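# What the coordinates show
In case you want the letters, here they are:
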Amino acid sequence: MAFPDRIERTIEIAHPPAKVWAALTTAEGLSAWFGNEAGIDLRPGGAAWMKWEGGHSADMRVERVEEPTVFGFTWRMAELPEDDPRRTYVEFTLEPVGTGTRLTVVETGFAQLPDEVHRKEYGGHTEGWARELGELVDYLDAAA
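An account of the accompanying structure is given in this report. (Residues numbered from 1 in each chain as written. Predicted model: local features only at pLDDT ≥ 70, side-chain atom pairs only at ≥ 80, totals over all residues. Heavy atoms only, no water.)

## Overview of the environment of Thr 74
On the secondary structure map, Thr 74 appears in strand 5 (residues 70-76). Owing to a relative accessible area of 17%, Thr 74 belongs among the buried residues under this scheme. With 24 residues separating them along the chain, Thr 74 and Gly 98 place their C-alpha atoms 31 Å apart. For Thr 74, the contacting residues outside a window of four places in its chain are Asp 59, Met 60, Arg 61, Glu 63, Arg 87, Thr 88 and Tyr 89. (Helix = DSSP H or I, 4+ residues; strand = E, 2+ residues; numbered from the N terminus. Buried < 20%, exposed > 50% of the residue type's maximum accessible area, 1.4 Å probe, protein only. Contact = heavy atoms within 4.5 Å.)

This is how it looks when you write it as structure tokens:
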């Protein structure tokens, strides 16, 4: 039986694409809803990182930047050793809808993971994207 490889979530956000783009692609935006601290070099091949309270951190590599419609990065799975080269790919697609934005996030690459890592990472990221996208909306609403 094949493992699920893809998580996809789509939400409607009552803010224009430019505001959503800034929340996704700037250190200020990322640290306000996704991590507690962040840094980003917004160009393909650029480095990005986030840190959370409690010491958890994520190093990312910017893969795709098509302002203001597509932003993608790769990141390491927390359950894999730091020197493991496997990564998942996360892509945000923004589409104007009236005065707001339809945001779709897709994360792929889970099928390459060993059984025990797949269970933890796929389940955790499935729950995590639902929670994080809610935090994104809350952040944008509060900033309006």
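## Some points on the pairing of strand 4 (residues 57-66)
Note: strand 3 (residues 47-51) against strand 4, five bridges, orientation antiparallel. Bridging across to strand 4, Ala 47 finds its partner in Arg 61. Remark: five residues form the turn of the hairpin made by strand 3 and strand 4, two consecutive strands paired antiparallel; Gly 54 in that turn has positive phi of roughly 95 degrees. The sheet contact formed by strand 4 and strand 5 spans six bridges and is antiparallel. Residue pairing for strand 5: Val 62 is matched across the bridge by Phe 73. Between strand 4 and the antiparallel strand that follows it, strand 5, lie three residues. (Pairing = 2+ DSSP bridges.)

## Notes on the layout of surface pockets
Here the largest pocket is characterised by a volume of approximately 530 Å³. As for the largest pocket, its lining consists of 23 residues, and the residues nearest its centre are His 56, Ala 58, Trp 75, Arg 76 and His 125. Those elements that provide at least two residues to the lining of the largest pocket are strand 4, strand 5 and helix 3 (115-143). By residue number, the principal contributor to the lining of the largest pocket is helix 3, which donates eight residues. Across the lining of the largest pocket, the residue classes tally to eight nonpolar, six polar and nine charged. (1 Å grid on protein atoms, 1.4 Å probe; cavity = no way out; pocket = protein on both sides within 12 Å on 5 of 7 lines; lining within 4 Å. Points joined across faces, edges and corners; volume = space filled by probe spheres on them. Nonpolar A, V, L, I, M, F, W, Y, C, P; charged D, E, K, R; others polar.)

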